[in-house]
Amino acid sequence: FYEDILAYFAAGRRVPRGRGMGGGSFAGDYVDVMPQDGFRQCMCEGCQASYSKSDPTDYASDLIWRQTSALARRLRAAGCPAILTQMAYKPYSRIPDFTIPDNVRVMVAMQGPWKAARPRDAKAEYDEIKAWDAKMGGSRSVWLWTYPHKYGEMDIPLLPQIAPQVVATASAIIAFSILGISPSSVSIL
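Every chain's residues receive numbers from 1 upward, in the order its sequence appears when written. With pLDDT at 70 or above as the cut-off, local features in this predicted model cover only qualifying residues; side-chain atom pairs require 80 or more to be listed or tallied, and sums for whole chains, interfaces and linings still use all residues. Excluding hydrogens and water, the side-chain figures rest on all heavy atoms present in the structure.

A.B. asks: Summarise the pattern of salt bridges; cite the residues concerned and give the values.
C.D. replies: Basic side-chain nitrogens of Lys or Arg form a salt bridge, by our definition, when they fall within 4 Å of a carboxyl oxygen of Asp or Glu. Counted under the stated rule, the structure contains six salt bridges. A salt bridge links D58 to K90, with the nearest nitrogen and oxygen atoms 3.2 Å apart. Highlighted residues: D58 in the loop between helix 2 (45–50) and helix 3 (61–77) and K90 in the loop between strand 3 (83–88) and strand 4 (104–109), separated in sequence by 32 residues. The class of D58 is buried, set by a relative accessible area of 6%. Two residues, K123 and D127, come together in a salt bridge whose shortest N-O distance is 2.7 Å. Pair noted here: K123 and D127 are both in helix 4 (residues 119–135), with a separation of four residues, about one helical turn. Assessed through its relative accessible area of 35%, D127 is described here as partly exposed. The structure contains a network of salt bridges with shared partners spanning D55, D62 and R94. Only DSSP runs of H or I with at least four residues qualify as helices, and only runs of E with at least two residues qualify as strands; both kinds are numbered from the N terminus onward. When accessible area is computed with a 1.4 Å probe and restricted to protein chains, residues below 20% of their type maximum are described as buried, those above 50% as exposed, and intermediate ones as partly exposed.

Next up, the structure:
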């Protein structure tokens, strides 16, 4: 990633090499370094030693966030203006105990609005969002990835789409802790 990112900025923010990063991973000063969806455990000794044995759900948090943080520091030391983006997503959604550089932006994957009907579950998600925001300096540097599909994207004629109302209600509660919400679907409309 390091060489691809440097090449991108050296080429005037154009992707000159076309390797190592997926399409859409570069936008202006932002570079997405999130591992691919469907993350699978690496079986090499180095990765296995870095995985949490006590947290089977978020076993890769420390490994992934350490690598992202190291890359961000290395780019900054090289004078590169890159802002790295990465999701807090299973199996690396746990907030790490170490400092994440301020040239990293975090997108927190949440059920979000759909938890509003279950206040205890919603509070746990909102608390996690607030904790990520505090971790990143409390400057509203996190944003959400959520799933506002119409009933699991089922095509049910004449059944109204309630996602916009639910998203608006939930957004008002967490607005002061986030940059915004990125829906995973166009079915919100």
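Now, onward.
A.B. asks: Got a sec to walk through the confidence of the model for the protein chain? Specific residues and values, please.
C.D. replies: The pLDDT score gives, residue by residue, the confidence of the prediction method on a 0 to 100 scale. Per-residue pLDDT for the protein chain averages 82, and the proportion of residues at 70 or more is 85%. Within the protein chain, strand 6 (residues 181–183) has the poorest average pLDDT of any element, 71, and helix 3 the best, 96.

A.B. asks: Tell me about the layout of surface pockets, residues and numbers included.
C.D. replies: When its volume is computed, the second largest pocket comes out at roughly 230 Å³. Contributing elements (two or more residues each) for the lining of the second largest pocket: strand 1 (26–27), strand 2 (30–32), strand 3 and strand 5 (142–146). Each residue gets one label: Ala, Val, Leu, Ile, Met, Phe, Trp, Tyr, Cys and Pro are nonpolar, Asp, Glu, Lys and Arg are charged, and the others, such as Gly, are polar. Of the residues contributing to the lining of the second largest pocket, the split by class is nine nonpolar, four polar and one charged. Buried and open spaces are told apart on a 1 Å grid over the protein atoms alone, a cavity being a set of points where a 1.4 Å probe fits but cannot get out and a pocket being an open set with protein on both sides within 12 Å along at least five of seven lines. Residues with an atom within 4 Å of a point are the lining residues. Grid points are joined across faces, edges and corners, and a volume is the space filled by probe spheres set on the points.

A.B. asks: An account of the pairing of strand 5 is needed here, citing residue identities and associated values.
C.D. replies: Counting buried residues along strand 5, four of its five residues qualify, which places the element largely inside the surrounding structure. Paired strands, in this sense, are two strands between which DSSP finds at least two bridges. Summarising the sheet, strand 4 and strand 5 pair through four bridges and their orientation is parallel. Considered in strand 5, the bridge of M107 is made with W143.

A.B. asks: Lay out helix 1 (residues 2–10) with the relevant residues and their values.
C.D. replies: Considered for burial, the residues of helix 1 that qualify are Y2, D4, I5, A7, Y8 and F9. Among the residues trailing helix 1, G12 stands out with phi positive, at a value near 75°.

A.B. asks: Tell me what's going on with the pairing of strand 4, and back it up with residues and numbers.
C.D. replies: Counted residue by residue, strand 4 has five buried out of six residues, so it is predominantly covered. When strand 3 meets strand 4, the two strands line up parallel, connected through five bridges. Bridge pairing in strand 4 places T85 opposite R105.

A.B. asks: An account of unusual backbone geometry is needed here, citing residue identities and associated values.
C.D. replies: For the bond running from K90 to P91, omega is 10°, close enough to zero to count as cis. Looking at where P91 falls in the secondary structure, it is placed in the loop between strand 3 and strand 4.

A.B. asks: A description of the nonpolar core should follow, citing residues and the corresponding values.
C.D. replies: Here the nonpolar core consists of buried residues drawn from Ala, Val, Leu, Ile, Met, Phe, Trp, Tyr and Cys, with membership extended through side-chain atoms lying within 4.5 Å. Formed by 43 residues in total, the largest nonpolar core has its most connected members in I5, W65, L84 and W132. Counting residues per element, the ones that place at least two in this core are helix 1, helix 3, strand 3, strand 4, helix 4, strand 5 and helix 5 (163–174). Non-local contacts of W65, meaning those with residues more than four positions away in its chain, are made with Q86, M87, A88, Y92, R94, P96, F98, I100, V104, V106 and W132. Contact definition: two residues touch when any of their heavy atoms are within 4.5 Å.

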